[in-house]
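Close look at the chain arrangement
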Amino acid sequence: FPSHDIRKAEYGLTLEVYIHKMEAQKYCAICKDKLKGIGTYTHLDHCHKTGKNRDFLCSNCNRGIGCFHDSIVKLKSAIEYLKKHSSNVD
């Protein structure tokens, strides 16, 4: 678990609220894989502009949107790129 002080500073949540929110969600908000618990593999996503909490993401999805700097334009461009270069796109 992240320490109580770090969690309060980063997310504004008590440990109880943080755990309840994660247990209620159960699955990554993007890829829908089952969340693996608090820590290295599960992250509470937040808007970098407003600081507002969003939903829990798995590590891969959290890193993915982070690498695209939360840019919808860049993510749409990545989707188009994958469509152009793949015959097996979900």
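So, here's what we can say about the structure.

1. Topic: the overall build of the protein
Within the protein, the regular secondary structure consists of four helices and two strands. Long-range pairs, those at least 24 residues apart, make up 29% of the contacts in the protein between residues at least 6 apart in sequence. Summing over all exposed atoms, the protein offers an accessible surface of approximately 6,800 Å²; the carbon and sulfur share of this is 57%.

2. Observations regarding the side chain of Ser 59
You can see Ser 59 is positioned in helix α3 (residues 59-67). The contacts of Ser 59, once residues within four sequence positions are left out, are Thr 40, Tyr 41, Thr 42 and His 43.

3. Describing the pairing of strand β2 (residues 53-58)
Working note: regular strand, side chains alternate between the two faces of the sheet. Bridge analysis of strand β1 (residues 42-46) against β2 gives four bridges, and the strand direction is antiparallel. Note on β2: the bridge partner recorded for Leu 44 is Phe 56. Between β1 and the antiparallel strand that follows it, β2, lie six residues; Gly 51 among them carries a positive phi value of about 80°.

4. Remarks on α3
The set of residues buried in α3 consists of Ser 59, Cys 61 and Ile 65. Tucked into the core, α3 has its buried residues touching β1, β2 and α4 (72-84). At the C-terminal side of α3, His 69 shows a positive phi close to 55°.

5. Topic: the packing of aromatic side chains
The relation between two aromatic rings is expressed through the spacing of the ring centres and the mutual angle of the planes. Applying the stated criterion to the full structure yields one aromatic pair. Centre to centre, the rings of Tyr 18 and Phe 56 are 5.4 Å apart; their planes meet at 85°, and the pair counts as edge-to-face. Note that Tyr 18 is positioned in helix α2 (residues 15-25) and Phe 56 in strand β2, a separation of 38 residues in sequence. Both residues of the pair, Tyr 18 and Phe 56, belong to the buried class. We note Lys 34 situated over the ring of Tyr 27; from NZ or CZ to the ring centre the distance is 5.7 Å.

6. As for the nonpolar core
Counting residues in each nonpolar core, the largest one holds 13 residues, and the members touching the most others are Tyr 18, Cys 28, Leu 44 and Phe 56. Those elements that provide at least two residues to this core are α2, β2 and α3. With three residues, β2 is the largest single contributor of residues to this core. Beyond its immediate sequence surroundings of up to four residues, Cys 28 is in contact with Asp 33, Leu 35, Phe 56, Leu 57, Cys 58 and Cys 61.

Cut-offs used in this document
Counting starts from 1 at the beginning of each chain's written sequence and moves along it residue by residue. Only residues with pLDDT of at least 70 are given local features in this predicted model, and only at 80 or more are side-chain atom pairs given and counted; all residues enter the totals for whole chains, interfaces and linings. Processing note: side-chain calculations cover all non-hydrogen atoms of the structure and skip hydrogens and water entirely. A run of DSSP states H or I qualifies as a helix once it reaches four residues; a run of E qualifies as a strand once it reaches two. Both are numbered from the N-terminal end. We call two residues in contact when some of their heavy atoms are within 4.5 Å. A 1.4 Å probe and the Shrake-Rupley method give the accessible areas. Residues count as covered only by the protein chains that appear here. Only strands joined by at least two bridges in the DSSP assignment are considered to pair. For every residue, the accessible area obtained with a 1.4 Å probe (protein chains only) is divided by the maximum for its type, and the residue is called buried under 20%, exposed over 50%, and partly exposed between those limits. Pairing of aromatic side chains here covers Phe, Tyr and the six-membered ring of Trp, requires ring centres within 6.5 Å, and sorts the geometry by plane angle: under 30 degrees stacked, over 60 edge-to-face, intermediate tilted. The rule for a charge over a ring is simple: NZ of Lys or CZ of Arg within 6 Å of the ring centre, and within 35 degrees of the ring normal. Think of a nonpolar core as a cluster: buried Ala, Val, Leu, Ile, Met, Phe, Trp, Tyr and Cys residues, connected wherever their side-chain atoms sit within 4.5 Å.

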